[in-house]
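One letter stands for each residue in the lines below.
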2 protein chains.
Amino acid sequence: MKTLFPPGIIGVIGGGQLGLMLIYRSKKLGFRFAVLDAADAPAKALADFFIEGSLKDAAALGKLAGACDVMTYEIEHINTDALDDLYSRGHPMYPSPTVLRTIQDKLSQKELFVKKGLPTAPFFAEEDPATADFSSKQFPLVQKTRKGGYDGKGVRVLQSAADSPMPAPSLFEDMVSIDKELAVMVARGRSGELAVFPVTEMAFNPEHNICDTVIAPARVDEKTAAAARELSVSVVQALDGVGIFGVELFLDTQGRVLLNEVAPRPHNSGHYTMEACVTCQFEQHVRALAGLPLGDTTLLRPAVMLNLLGQPGSAGSPLVQGYEEAVNVPGLSPHLYGKIDCRPFRKMGHFTVTAATLEDALEKAEYARTVLKIGGAG
Amino acid sequence: MKTLFPPGIIGVIGGGQLGLMLIYRSKKLGFRFAVLDAADAPAKALADFFIEGSLKDAAALGKLAGACDVMTYEIEHINTDALDDLYSRGHPMYPSPTVLRTIQDKLSQKELFVKKGLPTAPFFAEEDPATADFSSKQFPLVQKTRKGGYDGKGVRVLQSAADSPMPAPSLFEDMVSIDKELAVMVARGRSGELAVFPVTEMAFNPEHNICDTVIAPARVDEKTAAAARELSVSVVQALDGVGIFGVELFLDTQGRVLLNEVAPRPHNSGHYTMEACVTCQFEQHVRALAGLPLGDTTLLRPAVMLNLLGQPGSAGSPLVQGYEEAVNVPGLSPHLYGKIDCRPFRKMGHFTVTAATLEDALEKAEYARTVLKIGGAG
């Protein structure tokens, strides 16, 4: 397709927090946005055109395609057959359905890493883990279901052959001895031009295995950061991806950088770019899919992002506690997603603290974490 | 009123570019937005609730009041009597209608400056300039109609008694020998707390008298900047204003800082804060009117903002030229307002360039000015 100029229409499959932030951060570019999702989707309020429907429904996806100049998606769990069909009939879509299909299946994703010689944890696959024989395997193993995983779902650590695997088709990875989990946002344009954001450090809450803290820049040496950037670029090139990609990496205790997995969309580890970088991940994605030049990814200040997850036991309309105290922290920027129901560990929002030093940002973010909570009205 | 917590509803009178940017920059705070304006208003696409109507219509204003928790306005030309009535019946509104009334009338604004001892150009008022006797006056004089001025309209320079004044009730100011025009955004919270943004420098296009360039920080010495900040704070305090205020100042050739006029709302001279400051003017305004703590106004990088005005002779749907070249400039952030009609000198958008040095930002902005144009499809 030719370059999209304002006021062209961008179709977004999925109106969750990523679709919401995509719109509020790139509306300034002058495009209009059509969104497909359920009626209570957060991005509905900001969409120029809203199509109510399921992301699995071919007819709804076709309706969105008909309403826009170029399509993208904020989530991987879509009807890929329908996307293939629309794409083959000439509807521009970035990243392409082929990229999505490769990434949707964690086995094909890993196979691509191996084929391209990109370092990743050793693994094997089992179509039917319930009946497979693990007696000759080395434990611990990390089981990942091939499809449908999200926010810690679809992942299980097996300590020994006595632990039952999940019954779905899966891959099983050697457990990496992790020093840090890193992430890099990479944008790639239609002609292959690249823009790489700073390397970040992700920390996961052990209780629910959801990333809850992102630190930018990562506290690693420049050699490690360069390896992380290089590997992240390589995988996006290997995918022939166009748009923004979140690349998750392991830094192991021997100092090696390994590929974990790739998200073909804006990513939690890139939220900090809204406050900390010259161009944010959402604007960058829109620039890429519109065929415009990519923006400057310079980090302006160190940043710490914390997810705001629904409190344990919460239900009903969200109730924010400690908001006033939190927004009183200098350099704290809250993002509340406007979800209608609060559920335990659901991503209800996040906040980013920027400061002159990373130490200061960390200290302020940890203070804010203690005061800001989202529960439910019951 | 008590502090407004998300998802409380903020009512915005006027859905032009300021309302649009207010929403896309503060949606992250978790509030919902109700907007009153004509059906083609740019902010309509982002409003949670949209009321179609005139800003002069008391019934429409009443409907907006009924649909929100707290009201504000993005423009001064509203039905103030209707606002007074709503306010007296207990509808929270920031800034108050009293502030708006004082500012709407340039004479009462000037009289406040004088009453509070704030330096401003000497002036006199005439109810009927067409019949007034100017023979004893010192020329040149700057005539400003008391009401209704906007973007250079309602201002005329009279070089001698032979020049005809505009016929409306007006004030006439001694023409200041101007070195620079400066502007300062000041936010004031409900308890009187203050947050002051950096002093900026405004340049006006002589062809249409609309500010077309804002430079942050202003290229003035610290003593001048301190005087500008102090005077700006004083006038917002004198008004007892709550919310964000754009204070326009003259730096005269003798180094004195004089008050020109005040806008009780986000202001063109504060657009640069979106890219260049930790908290932007729009988020700051929402924080103030919601009763939340004000944000950090630290300047992260020097910035230059240029308005994108409709080309001379333009009409019809806007056509953007040079967009690709412009967004290819590192650190350039465009804001296109989505207006449906392009008209000569109409504010169709703006862009801000941030860079490591002001010189670099200026150079890049001047380059972008030469390539980026908005005309009409005719």
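Cut-offs used in this document
- Residues numbered from 1 in each chain as written.
- Chains lettered and ligands numbered in written order.
- Predicted model: local features only at pLDDT ≥ 70, side-chain atom pairs only at ≥ 80, totals over all residues.
- Heavy atoms only, no water.
- Helix = DSSP H or I, 4+ residues; strand = E, 2+ residues; numbered from the N terminus.
- Buried < 20%, exposed > 50% of the residue type's maximum accessible area, 1.4 Å probe, protein only.
- Contact = heavy atoms within 4.5 Å.
- Areas by Shrake-Rupley, 256 points an atom, 1.4 Å probe, with all protein chains shown as cover.
- Lys, Arg positive; Asp, Glu negative; His and termini not counted.
- Charge placed at Lys NZ, Arg CZ, Asp CG, Glu CD.
- Salt bridge = Lys/Arg side-chain N within 4 Å of Asp/Glu carboxyl O.
- Axes fitted to C-alpha atoms, helices over the stretch in contact; angles between N-to-C directions.
- Parallel < 35°, antiparallel > 145°, perpendicular 65-115°, else oblique.
- Left-handed = near helix turned anticlockwise from the far one by under 90°.
- Polar contact = N/O pair within 3.5 Å; in protein donor to acceptor, adjacent residues only side chain to side chain.
- Buried area = accessible area lost by both parts, 1.4 Å probe.
- Nonpolar A, V, L, I, M, F, W, Y, C, P; charged D, E, K, R; others polar.
- Pairing = 2+ DSSP bridges.
- Core = buried A, V, L, I, M, F, W, Y, C linked by side-chain atoms within 4.5 Å.
- Phe/Tyr/Trp six-rings, centres within 6.5 Å; stacked < 30°, edge-to-face > 60°.
- Least-squares fit on C-alpha atoms with pLDDT ≥ 70 in both.
- pLDDT = per-residue confidence, 0-100.

### Let's talk about the overall build of chain A
And step 1. When its secondary structure is counted, chain A shows 10 helices and 19 strands.
And step 2. Projected onto its principal axes, the C-alpha coordinates of chain A cover approximately 60 × 55 × 45 Å.
And step 3. Every one of the 378 residues in chain A was classed for burial, and the buried ones make up 61%.
And step 4. Excluding contacts between residues fewer than 6 apart, the proportion of contacts in chain A whose partners are at least 24 apart in sequence is 63%.
And step 5. With an accessible surface of roughly 13800 Å², chain A has 50% of that area assigned to carbon and sulfur atoms.
And step 6. The averaged location of the 44 negative side-chain charges in chain A is 4 Å from the averaged location of its 37 positive side-chain charges.

### Remarks on the pattern of salt bridges
And step 1. Within this structure, the stated rule accounts for 40 salt bridges over all chains.
And step 2. Asp105 of chain A serves as the salt-bridge partner of Arg146 of chain A, at 2.4 Å between the closest nitrogen and oxygen. Of this pair, Arg146 of chain A sits in the loop between strand E6 (141-145) and strand E7 (155-158) while Asp105 of chain A sits in the loop between helix H4 (97-104) and helix H5 (106-115), and the two are 41 residues apart along the sequence.
And step 3. Given a relative accessible area of 18%, Arg146 of chain A falls into the buried group.
And step 4. With its nearest N and O atoms 3.1 Å apart, the salt bridge here joins Lys364 of chain B to Asp360 of chain B. With Lys364 of chain B and Asp360 of chain B both in helix H10 (residues 358-371) and four residues apart, this pair spans about one turn of that helix.

### Regarding the packing of helix H3 (residues 80-88) of chain A against H4 of chain A
Residue and element names in this part refer to chain A.
And step 1. Their axes nearest at 9 Å, the elements H3 and H4 cross at an angle of 160°. Relative to H4, H3 is oriented roughly antiparallel. Where H3 crosses over H4, the two elements pack in a sense that is left-handed. Contact residues: Thr80, Asp81, Leu83, Asp84 and Tyr87 in H3; Pro97, Leu100, Arg101 and Gln104 in H4.

### Details of the environment of Asp69 of chain A
Residue and element names in this part refer to chain A.
And step 1. Inspection of the secondary structure puts Asp69 in the loop between helix H2 (58-66) and strand E4 (70-73).
And step 2. Judged by relative accessible area, which is 35%, Asp69 ranks as partly exposed.
And step 3. Taking the C-alpha atoms as reference, Asp69 lies 9.2 Å from Ala290; in sequence the two are 221 residues apart.
And step 4. Sequence-distant contacts of Asp69, that is, excluding residues within four places in its chain, are made with Met1, Leu4, Gly8, Ile9 and Pro92.
And step 5. A distance of 2.6 Å separates a polar side-chain atom of Asp69 from the backbone nitrogen of Ile9.

### Quick notes on the interface of chain A and chain B
And step 1. Between chain A and chain B, the residue contacts involve 36 residues of the former and 36 residues of the latter.
And step 2. Between chain A and chain B, a total of about 3200 Å² is buried, with carbon and sulfur atoms accounting for 61% of that surface.
And step 3. Contact with chain B buries area across many residues of chain A, yet Lys28, Tyr323 and Glu324 of chain A alone supply 19% of it, more than any other trio.
And step 4. Our count for the contact surface shared by chain A and chain B stands at zero salt bridges.
And step 5. Our enumeration of links across chain A and chain B arrives at 10 residue pairs in polar contact (both at pLDDT 80 or more).
And step 6. Take the side of chain A that touches chain B: its biggest share by element is five residues, from strand E17 (residues 332-336) of chain A.
And step 7. Along the lines of polarity and charge, the residues of the side of chain A that touches chain B split into 18 nonpolar, eight polar and 10 charged.

### Focus on the sheet that holds strand E7 (residues 155-158) of chain B
Residue and element names in this part refer to chain B.
And step 1. The sheet built from four strands is open, its strands ordered E5-E8-E6-E7 with antiparallel pairing. Taken across any chain shown, the strands that pair with only one partner, and hence form the sheet edges, are strand E5 (123-126) and E7. Within the sheet, the average angular offset between the axes of one strand and its neighbour, ignoring direction, is 25°.
And step 2. With four bridges connecting them, E5 and strand E8 (residues 170-174) associate as antiparallel partners.

### Quick notes on the nonpolar core
And step 1. Counting residues in each nonpolar core, the largest one holds 101 residues, and the members touching the most others are Ile10, Phe31 and Phe351 of chain A together with Ile10, Phe31 and Phe351 of chain B.
And step 2. Contacts of Phe351 of chain A, omitting those with residues within four sequence positions, involve Val304, Met305, Leu306, Leu308, Leu332, Ser333, Pro334, Ala365, Ala368, Arg369 and Leu372 of chain A.

### Let's talk about the packing of aromatic side chains
And step 1. In total, this model carries eight aromatic pairs over all chains according to the counting rule given.
And step 2. For the pair Tyr323 of chain A and Phe5 of chain B, a centre-to-centre distance of 6.4 Å together with 75° between the ring planes defines the contact as edge-to-face. Pair noted here: Tyr323 of chain A is in helix H9 (residues 323-327) and Phe5 of chain B is in the segment before strand E1 (9-13), and the two residues belong to different chains.
And step 3. Judged by centre distance (6.2 Å) and plane angle (55°), the ring pair of Phe124 of chain B and Phe134 of chain B falls under tilted. Residue Phe124 of chain B is found in strand E5, and its partner Phe134 of chain B is found in the loop between E5 and strand E6 (141-145); the two are separated by 10 residues along the sequence. Both residues of the pair, Phe124 of chain B and Phe134 of chain B, count as buried.
And step 4. Three or more aromatic residues link up through ring pairs in this structure, and these residues are Phe124, Phe134 and Phe172 of chain A.

### Digging into the packing of helix H2 (residues 58-66) of chain B against helix H3 (residues 80-88) of chain B
Residue and element names in this part refer to chain B.
And step 1. The N-to-C vectors of H2 and H3 enclose an angle of 35°; their axes lie 9 Å apart at closest approach. For H2 against H3, the interelement crossing comes out right-handed. Two secondary-structure elements touch here, H2 through Ala58, Leu61, Gly62 and Ala65 and H3 through Ala82, Leu83 and Leu86.

### With respect to the relation of the copies chain A and chain B
And step 1. Rotating chain A by 180° and translating it 0.0 Å along the rotation axis places it on chain B, where the RMSD comes to 0.0 Å. On the angle and the small slide along the axis, the relation comes out as a two-fold axis.
And step 2. Of the residues that chain A buries at the interface, 100% are likewise interface residues in chain B, meaning the two copies contact each other through the same surface.

### With respect to the confidence of the model for chain A
And step 1. Considering every residue of chain A, the mean pLDDT works out to 96; 99% of them sit at 70 or more.
And step 2. For this predicted complex, the interface confidence comes out at an ipTM of 0.96, alongside a pTM of 0.97.

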